[in-house]
Amino acid sequence: MKYTIVLLLFVSFAGCQLNDKKAEKEIKRSHPSHIYNFVDIDTSQLKYFETDYLPVYSDIYYQDGTKRFPITATVSIRNTSLTDSAFILAATYHDSYGKLLHSYLDSALLLSPLESIELVVEEDENKGGAGANFIIEWGAAKYTDQLLIQSVMISTYGQQGVSFLSDAKVIKRETRE
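All of these numbers come straight from a predicted model, not from anything done at the bench.

The rules behind each value
- Residues numbered from 1 in each chain as written.
- Predicted model: local features only at pLDDT ≥ 70, side-chain atom pairs only at ≥ 80, totals over all residues.
- Heavy atoms only, no water.
- Helix = DSSP H or I, 4+ residues; strand = E, 2+ residues; numbered from the N terminus.
- Buried < 20%, exposed > 50% of the residue type's maximum accessible area, 1.4 Å probe, protein only.
- Pairing = 2+ DSSP bridges.
- Polar contact = N/O pair within 3.5 Å; in protein donor to acceptor, adjacent residues only side chain to side chain.
- Contact = heavy atoms within 4.5 Å.
- Salt bridge = Lys/Arg side-chain N within 4 Å of Asp/Glu carboxyl O.
- Core = buried A, V, L, I, M, F, W, Y, C linked by side-chain atoms within 4.5 Å.
- Axes fitted to C-alpha atoms, helices over the stretch in contact; angles between N-to-C directions.

Visitor: Break down unusual backbone geometry for me, citing the residues and quoting the values.
Guide: The backbone of Gln-63 shows a phi angle near 55°, a positive value even though the residue is not glycine. Residue placement: Gln-63 occurs in the loop between β3 (59-62) and β4 (67-70). A relative accessible area of 65% places Gln-63 in the exposed class. The phi dihedral of Leu-114 is positive, around 65°, even though this residue is not glycine. Note on placement: Leu-114 falls in the loop between β8 (108-111) and β9 (116-121).

Pasting the structure below:
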């Protein structure tokens, strides 16, 4: 009898999710791999702030430059410190013209030592273009070079496949006393 109840609850839950694909997609966009630790933080307690620019490609051109090859982009933010946490304050996605398309975080996210998070731009997103980018703002209790921020792009079509990697570039650093 216990199994029947569990099965019915699962079927009912799955049916609710199927009816609301948009909400499910939004949840995946914000939290694709695990439950993230969002926190309220007084940023005056942080002493180091950094803003990073990360190239991502939602598509690339091929043949004569008039055809586009859609790509899934995964943004990976890794805390490489063995001892110190970092706080991701903002992660925004912009198109080739710099227009804000989506903000991935509503509040600060705690990134514990050696923890990683991923943000995904799905293959069917067609607004970013070949010049799309993320702006990642983060802070820590002290100056450190502890975050590794990369984007991995991948797609397949028939027997063709493409994958490549981009690294973030620091565009702003600030140390506060």
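Visitor: Help me get a handle on the pairing of β8, residues and values and all.
Guide: Of the two faces of β8, the one holding Ala-108 and Leu-110 and the one holding Leu-109 and Leu-111 are both buried throughout. As paired elements, strand β1 (residues 37-39) and β8 share three bridges and run antiparallel to each other. Residue pairing for β8: Val-39 is matched across the bridge by Ala-108. Here three bridges tie strand β6 (residues 86-94) to β8, and the two strands are oriented antiparallel to one another. In the sheet register, Phe-87 faces β8, and the bridge partner there is Leu-110.

Visitor: Tell me about the side chain of Ser-155, residues and numbers included.
Guide: When you line up the elements, Ser-155 lands in strand β11 (residues 147-157). Overall, the relative accessible area of 4% leaves Ser-155 in the buried class. In this structure the side chain of Ser-155 is engaged in a polar contact, spanning 2.7 Å, whose partner is the backbone oxygen of Pro-70. Side-chain polar atoms of Ser-155 contact the side chain of Glu-123, separated by 3.0 Å. When sequence neighbours within four positions are dropped, the list of residues in contact with Ser-155 reads Phe-69, Pro-70, Ile-71, Glu-123, Gln-160, Gly-161 and Val-162.

Visitor: Quick rundown of the pattern of salt bridges? Include the residues and the values.
Guide: Applying the stated criterion across every chain, the model contains four salt bridges. Residues Lys-142 and Asp-84 are paired through a salt bridge, measuring 3.4 Å at the closest nitrogen-oxygen approach. Pair noted here: Lys-142 is in the loop between β10 (133-140) and β11 and Asp-84 is in the loop between β5 (72-79) and β6, with a separation of 58 residues, a long-range link. Taking relative accessible area as the criterion, Lys-142 reaches 46% and is therefore assigned partly exposed. A salt bridge links Arg-176 to Glu-174; the nearest nitrogen and oxygen atoms lie 2.8 Å apart. Judged by its relative accessible area of 34%, Arg-176 is partly exposed.

Visitor: Let's hear about the nonpolar core: which residues, and what values?
Guide: Counting 28 residues, the largest nonpolar core has Val-56, Ile-77, Ile-88, Phe-134, Ile-136, Trp-138 and Leu-147 as the members making the most contacts within it. For this core, the secondary structure elements donating two or more residues are β2 (48-55), β5, β6, β8, β9, β10 and β11. When neighbours within four sequence positions are excluded, Ile-136 is seen to be in contact with Glu-50, Thr-51, Asp-52, Ile-77, Ile-88, Ala-90, Ala-91 and Ile-149. With six residues, the next largest nonpolar core counts Leu-46, Phe-87, Ala-108 and Leu-110 among its residues.

Visitor: Can you explain the environment of Lys-172? Please cite residues and give values.
Guide: Secondary-structure assignment places Lys-172 in strand β13 (residues 169-175). Spatially, the C-alpha atom of Lys-172 lies 9.2 Å from that of Glu-137, the residues being 35 residues apart in sequence. Setting aside anything within four residues of it in sequence, one finds Lys-172 in contact with Phe-49, Glu-50 and Thr-51.

Visitor: Describe in detail the sheet that holds β9, supporting the description with residues and values.
Guide: Strand order in this open sheet of four strands is β9-β5-β11-β12, and the pairing throughout is antiparallel. The outermost strands of the open sheet, each flanked by one partner alone, are β9 and β12 (160-167). Adjacent strand axes in the sheet meet at a mean angle of 15°, parallel and antiparallel pairs treated alike. Pairing of β11 with β12 involves eight bridges; the strand directions are antiparallel. For Gln-150, the partnering residue across the bridge sits in β12 and is Asp-167.

So, to be careful, I would describe these as geometric facts and stop short of saying anything about function.
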